[in-house]
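In case you want the letters, here they are:
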Amino acid sequence: AQSVAQPEDQVNVAEGNPLTVKCTYSVSGNPYLFWYVQYPNRGLQFLLKYITGDNLVKGSYGFEAEFNKSQTSFHLKKPSALVSDSALYFCAVRDPTTDSWGKLQFGAGTQVVVTP
Amino acid sequence: EADIYQTPRYLVIGTGKKITLECSQTMGHDKMYWYQQDPGMELHLIHYSYGVNSTEKGDLSSESTVSRIRTEHFPLTLESARPSHTSQYLCASSEWTAEGHTGELFFGEGSRLTVL
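Residues numbered from 1 in each chain as written. Chains lettered and ligands numbered in written order. Predicted model: local features only at pLDDT ≥ 70, side-chain atom pairs only at ≥ 80, totals over all residues. Heavy atoms only, no water.

**A short note on the packing of aromatic side chains**
Line of reasoning, step 1. Enumeration according to the criterion identifies 10 aromatic pairs over all chains in this entry.
Line of reasoning, step 2. Considering the side-chain rings of Tyr 36 of chain A and Phe 107 of chain B, the 5.6 Å spacing of their centres and the 80° angle between planes classify their relative orientation as edge-to-face. Placement of Tyr 36 of chain A in strand β5 (residues 32-38) and of Phe 107 of chain B in strand β10 (residues 106-107) is noted, with the two residues assigned to different chains.
Line of reasoning, step 3. Ring geometry for Phe 106 of chain A versus Phe 107 of chain B: centroids 6.0 Å apart, planes at 75°, classification edge-to-face. Placement of the pair is Phe 106 of chain A in strand β11 (residues 105-106) and Phe 107 of chain B in strand β10, with the two residues belonging to separate chains. The exposure classification of Phe 106 of chain A matches that of Phe 107 of chain B, with both residues buried.
Line of reasoning, step 4. The ring of Phe 74 of chain B carries Arg 68 of chain B above its face, with NZ or CZ at 5.8 Å from the centroid. (Phe/Tyr/Trp six-rings, centres within 6.5 Å; stacked < 30°, edge-to-face > 60°. Helix = DSSP H or I, 4+ residues; strand = E, 2+ residues; numbered from the N terminus. Buried < 20%, exposed > 50% of the residue type's maximum accessible area, 1.4 Å probe, protein only. Lys NZ or Arg CZ within 6 Å of the ring centre and 35° of its normal.)

Dropping the structure here:
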């Protein structure tokens, strides 16, 4: 079975400071990993994904994430946060060895609050 | 922006009413999904489809039903709405790529249902 955990309900950061949103996963095979962002009253927007290759993945809006197999983590990072980055962030995982339908397992979400 | 549309965006109805949430995508994706997002913001897969005339129930049991008569259309129906059905419903789609199914989902804006 696949699962994903986001240990922080909320992350608070001052504008201009580095932002990190944590994600750990559990799958039986090699994972496909994703980050999505949700603004109020909107659907989810894709930020980035890791399928294979370079462990550091760069995505939209200046975000990046690093795949760490030994720690089973895929933390989302941004070097300098903006107030407009305030939103709900979801990590998701898929285990392609057990799932052929493209179903993603989502974490509980982390609310990011960036203060001016 | 992904070409996937949900209507209505907001719906307030009384108990016992039948409702249909519409979802359409213009990307020609074979796979479509319905997620339920509860007040705690977690996402739960309630239905998915891998093509025309194929539908499956997701990980979270739901009293809703779905149909897939056309590739682009994946409506969700509640025959008799109850207050426990109050939630946000998110539709998504995905495609197979040359690398196989990498799992990236494209989401609609969501339908927020309130049952009184």
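**Observations concerning the interface of chain B and chain A**
Line of reasoning, step 1. In this complex, chain B contributes 26 residues to the contact, which on the side of chain A involves 22 residues.
Line of reasoning, step 2. A combined buried area of about 2,100 Å² lies between chain B and chain A, and 51% of that area is made up of carbon and sulfur atoms.
Line of reasoning, step 3. Counting the contacts that link chain B with chain A gives two salt bridges.
Line of reasoning, step 4. The salt bridge partner of Glu 104 of chain B is Lys 49 of chain A, with a shortest N-O separation of 3.3 Å.
Line of reasoning, step 5. Where chain B packs against chain A, one counts seven residue pairs in polar contact (both at pLDDT 80 or more).
Line of reasoning, step 6. At the level of secondary structure, the elements contributing two or more residues to the side of chain B that touches chain A comprise β4 (31-37), β5 (43-51) and β9 (87-94) of chain B.
Line of reasoning, step 7. Here the residues of the side of chain B that touches chain A sort into 12 nonpolar, seven polar and seven charged. (Contact = heavy atoms within 4.5 Å. Buried area = accessible area lost by both parts, 1.4 Å probe. Salt bridge = Lys/Arg side-chain N within 4 Å of Asp/Glu carboxyl O. Polar contact = N/O pair within 3.5 Å; in protein donor to acceptor, adjacent residues only side chain to side chain. Nonpolar A, V, L, I, M, F, W, Y, C, P; charged D, E, K, R; others polar.)

**Section: the nonpolar core**
Line of reasoning, step 1. Within the largest apolar cluster, 27 residues are counted, with the highest numbers of intra-cluster contacts made by Leu 19, Trp 35, Leu 47, Leu 48, Phe 74, Leu 76 and Tyr 89 of chain A.
Line of reasoning, step 2. Listing elements by their share of this core, those giving two or more residues are β2 (10-14), β3 (19-21), β5, β6 (44-50), β8 (64-68), β9 (73-78), β10 (87-94) and β12 (110-115) of chain A.
Line of reasoning, step 3. Of the residues forming this core, the biggest block, four residues, is contributed by β10 of chain A.
Line of reasoning, step 4. Not counting residues within four places of it along the chain, the set of residues in contact with Leu 48 of chain A comprises Leu 33, Phe 34, Trp 35, Val 57, Lys 58, Gly 59, Phe 63, Glu 64, Ala 65, Phe 74 and Leu 76 of chain A.
Line of reasoning, step 5. Residues Ala 92, Leu 104 and Phe 106 of chain A together with Leu 45 of chain B belong to the second largest nonpolar core, which totals 18 residues. (Core = buried A, V, L, I, M, F, W, Y, C linked by side-chain atoms within 4.5 Å.)

In short, shape yes, function no, at least from these values alone.
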